[in-house]
Amino acid sequence: MKIVSVIFHPLLMASWMSILLFAKAPEIYPGLQPQAYLYFVSAIFIITCLLPAISIFVMKMSSMITSFELVKRSERIYPFAIIAIYYGVAAYLFTVKIQIGSPFNVIMIAVAILIAILLVISIRFKISIHAAAIWSAVGFFSALIVTLGINLGIYFYVIILAGGITSASRLLLGYHTPKEIWTGTILGFTYSFLAIYLFG
């Protein structure tokens, strides 16, 4: 179950989504030339995964946090704040500077805002970020299917299955209660679906 949490780690969601969408629905990226795709995915990975991971590692080494799992709600504030900043930079870079185009712009801005929302929630309540992240991806894909008619084929069902397995893994590993899992699931899916449905 541990490997599931790693493969579908929240920091990897933007990279996985970008790869799948470019492979199955390249029209999502009207401002991206095919020859620039590798640079694009590399930039997504570096800004939304690698740099936040390094920052969290530094926090762990400096004893700002006691675990990479961020099990304690009180230890989530600084990491989430840093991650929100990185995603905000990514949203600005790809929507304003590079101008990849809508609905990708909506996805990037929506994810940055979602992280900020999760940060605020985490001040008072613990919520499953893994569940929020994976089901947020399901919400985005579902809305894109409804609004744009994109065809992800079997991959869409694989993503739903991954969402269920990821949520179950967090529960079985003892990191979250059912309430924390369901809260993350409902928030992630509903928020992301509506972001695309209303603004995409």
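All values reported here derive from a predicted model rather than from experimental measurement.

With that settled, consider the overall build of the protein. Across its full length, the protein carries eight helices and zero strands. When the helices and strands of the protein are placed in sequence order, the string is α-α-α-α-α-α-α-α. Over its C-alpha trace the protein gives a radius of gyration of 16 Å, about what one expects of a compact globule, namely 16 Å for 200 residues. Taking the principal axes of its C-alpha atoms as reference, the protein extends roughly 45 × 30 × 30 Å. Looking at the protein residue by residue over its 200 residues, the buried ones come to 48%. Summarising the internal contacts of the protein: among those between residues at least 6 apart in sequence, 74% fall at separations of at least 24. Summed over its atoms, the accessible surface of the protein is roughly 9,900 Å², and 74% of this surface lies on carbon and sulfur atoms. In the protein, 11 side chains carry a positive charge and 4 a negative one; their mean positions are 5 Å apart.

Before going further, it helps to spend a moment on the nonpolar core. General note: in soluble globular proteins, nonpolar side chains tend to be found buried as a group. Residues Leu21, Tyr29, Phe40, Phe104, Ile107, Phe140 and Phe141 are the most contacted members of the largest nonpolar core, which totals 62 residues. For this core, the secondary structure elements donating two or more residues are helix 2 (13-24), helix 3 (37-61), helix 4 (77-97), helix 5 (104-124), helix 6 (129-148), helix 7 (154-172) and helix 8 (178-199). A per-element tally of this core places helix 6 first, with 12 residues. If we skip the residues at most four places from it in the chain, Phe104 touches Ser18, Ile28, Tyr29, Phe40, Ile44 and Phe94.

Basis of the calculations
Residues numbered from 1 in each chain as written. Predicted model: local features only at pLDDT ≥ 70, side-chain atom pairs only at ≥ 80, totals over all residues. Heavy atoms only, no water. Helix = DSSP H or I, 4+ residues; strand = E, 2+ residues; numbered from the N terminus. Rg over C-alpha atoms; globule rule 2.2 N^0.38 Å. Buried < 20%, exposed > 50% of the residue type's maximum accessible area, 1.4 Å probe, protein only. Contact = heavy atoms within 4.5 Å. Areas by Shrake-Rupley, 256 points an atom, 1.4 Å probe, with all protein chains shown as cover. Lys, Arg positive; Asp, Glu negative; His and termini not counted. Charge placed at Lys NZ, Arg CZ, Asp CG, Glu CD. Core = buried A, V, L, I, M, F, W, Y, C linked by side-chain atoms within 4.5 Å.

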